[in-house]
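Architecture at a glance
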Amino acid sequence: MQTRQLLAASLGLLAFLALAGYALDRAFLETAEDSLRQRLRSYALAYADNIEFLRDGSLYVPEMLPDPRFERPGSGLYAQVVRPGEHWDSPSAHGPRLPEGAMLAPGEERFEGPLPIRQINGAPGEIYRYGLGLVWDEEGGTREFPYTIHIAEDAGALAAQIRVFRRALWGYLGGAGLVLLLLQALILRWSLRPLRQVIAELKRVQRGQLARMSERHPRELEPLTESINAFIESERENLERQRNTLADLAHSLKTPLAVLRARLDNHASEQELREEVATQVQRMTDLVSYQLARAASSGHQLFAAPVEIEPHAEQIVRGLEKVYAAKGVLCEFDIEPEARFHGEVGDLHELLGNLLENAFKWARSRVLLTVRVGETAPNRRPGLWLAVDDDGPGIPPEKVGLLLQRGVRGDERVQGHGIGLAIVQDLVRGYRGELQVGRAPELGGARFEVRLPPGL
């Protein structure tokens, strides 16, 4: 992860430095060319202040030149004055083969280059040239003489400035890039240090050196460590539950087996033995069914996808309406669309199936299923609140605790094994929730209310 982040950040930094360098290079080039243009323009204006025309209309350029380089042949700084039928070159232009400058309209300016030339020694070269169109007025305004001044300079000077600038620019940007990459690597290593600590703790948990993850972690990693701790605790609880289930099953089967052994030892009659075997086999069947159902409903998974409740509730109710068709019970839903069960679909079926079947069993004509979004907490899945009401006789408060015990039925005349509500209670406890039994406020019968807390 650190390598990928460093590589991605390095590529981004290199791209940024390249774009910044290109932008600075273009800005310097444009500034340097504009500076050259202004300098050549100042030379042209200096020539224009001294140029005169004689009475015969011929051009006169004084010997006072604005820069000594105009006097040295091939110095790299050249001047030309052109007019119809006449041409003048500075002494520096004697030798190099310069391109002929064109006549420009009065007031027109033209900056161009680089233009190819031939040096004194015949070697190729390039120049930048500035042209300015002017008009000389004779005193009294009787005659006007249009002319154009061209000032040219060797492109090598500008190229040398650009090379010096680019060398300094990319040197500084390269040094800054290396410093930033090093700083970035240090920052990444420092910022990922808590994650490495989490990995080290997790390895110690895997080796059995720690029982759980510690709580001394940054706030951003708390959901991760809490989820890991919850997963560890859940797995330990599942293992302990499986051991307890096997132990409970073995313990529960001792009594029926002991009864059968006692009957055999007492030489009971064949009819009595058959009746006793049938009774104890049914009892053992009920015990095995309960323990298997309890084990199946205890598979609480922390990271299960949210399950929509209404479709599963409708499926369960359609089956119950067939079983209790003779009673004509009407089941109503009041389910919030946002409500979700965060767990296994089998657990939801077990929970709703036992509660709704109990309600159908005792209701006179109406059952109500109410589902709401439960409590919420930051960075956690929302909880769930659901209630199943019926219009039956209700449950006296003193019998609530007894009714939730396994193997106890609310009325011995009603068919059942008495383990459905106990399974619901065990399942709700597995989700760290709470099951409450009371009186339905609207229907007047019993209400079974389930509250599941926010999950990880």
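Okay, so let's go over this structure. (Residues numbered from 1 in each chain as written. Predicted model: local features only at pLDDT ≥ 70, side-chain atom pairs only at ≥ 80, totals over all residues. Heavy atoms only, no water.)

**Section: the packing of helix α2 (residues 155-191) against helix α3 (residues 193-206)**
For the record, the criterion: Where helices are involved, their axes are fitted lines through C-alpha atoms of the stretch in contact, as for all axes, and angles between N-to-C directions lie from 0 to 180°. Helix and strand labels come from DSSP, where a helix needs a run of H or I of at least four residues and a strand needs a run of E of at least two; each type is numbered from the N terminus. Angle categories: roughly parallel below 35 degrees, roughly antiparallel above 145, roughly perpendicular from 65 to 115, and oblique for all the rest. Contact criterion: two residues are considered in contact whenever any of their non-hydrogen atoms come within 4.5 Å of each other. Charged residues are taken to be Asp, Glu, Lys and Arg, nonpolar residues to be Ala, Val, Leu, Ile, Met, Phe, Trp, Tyr, Cys and Pro, and polar residues to be all remaining types, Gly included.
Interaxial distance between α2 and α3 falls to 4 Å at its minimum, and their mutual angle equals 40°. Considered as vectors, α2 and α3 are oriented oblique to each other. Of the residues in α3, those in contact with Arg189, Trp190 and Ser191 of α2 are Arg193, Pro194 and Arg196. Among the residues forming the contact of α2 with α3, the class breakdown is two nonpolar, one polar and three charged.

**Notes on the sheet that holds strand β9 (residues 330-335)**
The strands that make up a sheet pair up through hydrogen bonds in the backbone, lying either parallel or antiparallel. Using the following cut-off: Paired strands, as defined in this entry, are two strands with at least two bridges between them according to DSSP.
One open sheet holds the five strands; their spatial order is β9-β11-β12-β14-β13, and the pairing between them is mixed. Two strands lie at the open edges of the sheet, namely β9 and β13 (434-439), each paired on one side alone. Looking at each pair of strands side by side, their axes are set apart by 15° on average, direction ignored. Sheet analysis places strand β11 (residues 366-373) next to strand β12 (residues 384-390), joined by seven bridges and oriented antiparallel. Note that in β12 the partner of Leu368 across the bridge is Asp389. Against the sheet, helix α6 (residues 310-323) engages β9 and β11, with an angle of about 175° to β9.

**Focus on the pattern of salt bridges**
Just so we agree on the cut-off: Salt bridges are identified by distance alone: a Lys or Arg side-chain nitrogen within 4 Å of an Asp or Glu carboxyl oxygen. Relative accessibility thresholds used throughout: buried, under 20% of the residue-type maximum; exposed, over 50%; partly exposed, between the two (1.4 Å probe, protein chains only).
Per the stated rule, a full pass over the model turns up 14 salt bridges. For the salt bridge of Arg69 with Asp67, the shortest nitrogen-to-oxygen distance reads 3.4 Å. Arg69 sits in the partly exposed class, given a relative accessible area of 25%. Of the charged contacts in the structure, one is a salt bridge between Arg69 and Glu153, with a shortest N-O distance of 3.8 Å. Of the two residues, Arg69 sits in the loop between β2 (59-60) and β3 (77-83) while Glu153 sits in strand β7 (residues 144-154), which places them 84 residues apart along the sequence. Take Glu153: its relative accessible area is 6%, and that puts it in the buried class. One network of salt bridges, with partners in common, ties together Arg39, Asp67, Arg69 and Glu153.

**Comments concerning the side chain of Arg447**
Selection rule: A 3.5 Å cut-off defines polar contacts: any pair of N or O atoms within that distance qualifies, except that in protein one atom must be a possible hydrogen donor and the other a possible acceptor, and neighbouring residues in sequence count only when both atoms are side-chain atoms.
Mapped onto the fold, Arg447 is located in strand β14 (residues 446-452). Residue classification places Arg447 among the buried positions, given a relative accessible area of 17%. Within polar-contact distance, the side chain of Arg447 engages the side chain of Asp389 at 2.8 Å. Not counting the four nearest positions on each side in its chain, Arg447 is found in contact with Trp385, Ala387, Val388, Asp389, Gln436, Val437, Gly438, Arg439, Ala440 and Pro441.

**Things to note about the side chain of Arg83**
On the secondary structure map, Arg83 appears in strand β3. Residues contacting Arg83, with those up to four places away along its chain left out, are Phe53, Gly57, Ser58, Leu59, Met103, Phe145, Pro146 and Tyr147.

**Some points on α3**
Count 3.6 residues to each turn of an α-helix, and residues three or four apart come out pointing the same way. Formally: What a helix is expected to span follows from its residue count: subtract one and scale by 1.5 Å. Directions pointing from the helix axis toward each C-beta atom define the arc.
Compared with the 20 Å implied by 1.5 Å per residue over 14 residues, the 20 Å span of α3 between its first and last C-alpha is a close match. Looking at α3, one finds that the buried residues are Pro194, Val198, Glu201 and Val205. Each buried residue of α3 lies within a common arc of 65° when the element is viewed along its axis, so the set occupies one face. Looking one or two residues past α3, Gly208 carries a phi angle of roughly 85°, positive in sign.

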